[in-house]
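Summary of structural features
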Amino acid sequence: MMRPQTRQDLLYAARTEYDRFEALLGELPYEGKRTVLSTEGHGMNMRDVLVRLAAWQKCYLDWTKANFADEQRGFFPQPFNWQSVPRFNRAVWAANQKTSFAAAKRAFETQHVMIVQQVEDMIKEQLFVPGFYPWTGKRPLADYTFEATIARYQWANRQLAKYEKATKQPQESR
């Protein structure tokens, strides 16, 4: 998917990928939500997928909130940065093993709504002019919005597709 170039396209893409994920997730039987997906070197279930989505959304929301209030802050909490994304993801997974599926889903849904509202309240220049905000560096804010929403939702949809493919294989080939 090409990166959106307008606020409307950004909102449309975020809502489309979100709705696709929600629909696929809703089709999973209860057992499927608990089934461990073999991916990324550790056992991950749909709760873990939701936790990761919510963690990326939280990073984005905390980062924008702090920087809008003139409190300089990086996108990821210390000690993480863009070069340590895999470590960040593993830390999120490890820290949330006792989080319930319902709590993870609630956080994901709530934060999605907050990001959509933030984008709806902005004008094109705020989102798409590189460096409009000094704290985004040479990139436009929309690039970060894309990473925290659309790109993560696409990743989650791929995780669901892997699960569906694995569970639809004939028993003898497993």
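As recorded in an unreviewed UniProt entry, the protein chain goes by the name ClbS/DfsB family four-helix bundle protein, listed as coming from Lacticaseibacillus yichunensis.

As a further point, take the packing of aromatic side chains. Under the definition given, this model contains 23 aromatic pairs. Ring centres of Phe76 and Trp82 lie 4.8 Å apart, and the angle between their planes is 75°; this geometry places the pair in the edge-to-face category. Taking the relative accessible area as the measure of exposure, Trp82 reaches 33% and is therefore partly exposed. Positioned above the aromatic ring of Tyr144, the side-chain terminus of Arg139 is 4.4 Å from the ring centre. Across from the ring centre of Trp56, 3.8 Å away, lies the NZ or CZ of Arg152, which sits over that ring.

For the rest of this paragraph, the subject is the pattern of salt bridges. Per the stated rule, a full pass over the model turns up 10 salt bridges. With a shortest N-O distance of 2.6 Å, Asp62 and Lys58 are connected by a salt bridge. Within this pair, Asp62 and its partner Lys58 are both found in helix H3 (residues 46–68), separated by 4 residues, close to a single helical turn. Using a relative accessible area of 23% as the deciding quantity, one classes Asp62 as partly exposed. Owing to a relative accessible area of 41%, Lys58 belongs among the partly exposed residues under this scheme. Among the ionic pairs, Glu109 bridges to Lys105, the shortest N-O distance being 2.3 Å. Highlighted residues: Glu109 and Lys105, both in helix H5 (residues 101–120), separated by 4 residues, approximately one helical turn. With relative accessibility at 26%, the residue Glu109 sits in the partly exposed group. Salt bridges here are not isolated pairs; linked through shared partners, they connect Arg3, Arg139, Asp143, Glu147 and Arg152.

Each value, and the rule that gives it
Residues numbered from 1 in each chain as written. Predicted model: local features only at pLDDT ≥ 70, side-chain atom pairs only at ≥ 80, totals over all residues. Heavy atoms only, no water. Phe/Tyr/Trp six-rings, centres within 6.5 Å; stacked < 30°, edge-to-face > 60°. Buried < 20%, exposed > 50% of the residue type's maximum accessible area, 1.4 Å probe, protein only. Lys NZ or Arg CZ within 6 Å of the ring centre and 35° of its normal. Salt bridge = Lys/Arg side-chain N within 4 Å of Asp/Glu carboxyl O. Helix = DSSP H or I, 4+ residues; strand = E, 2+ residues; numbered from the N terminus.

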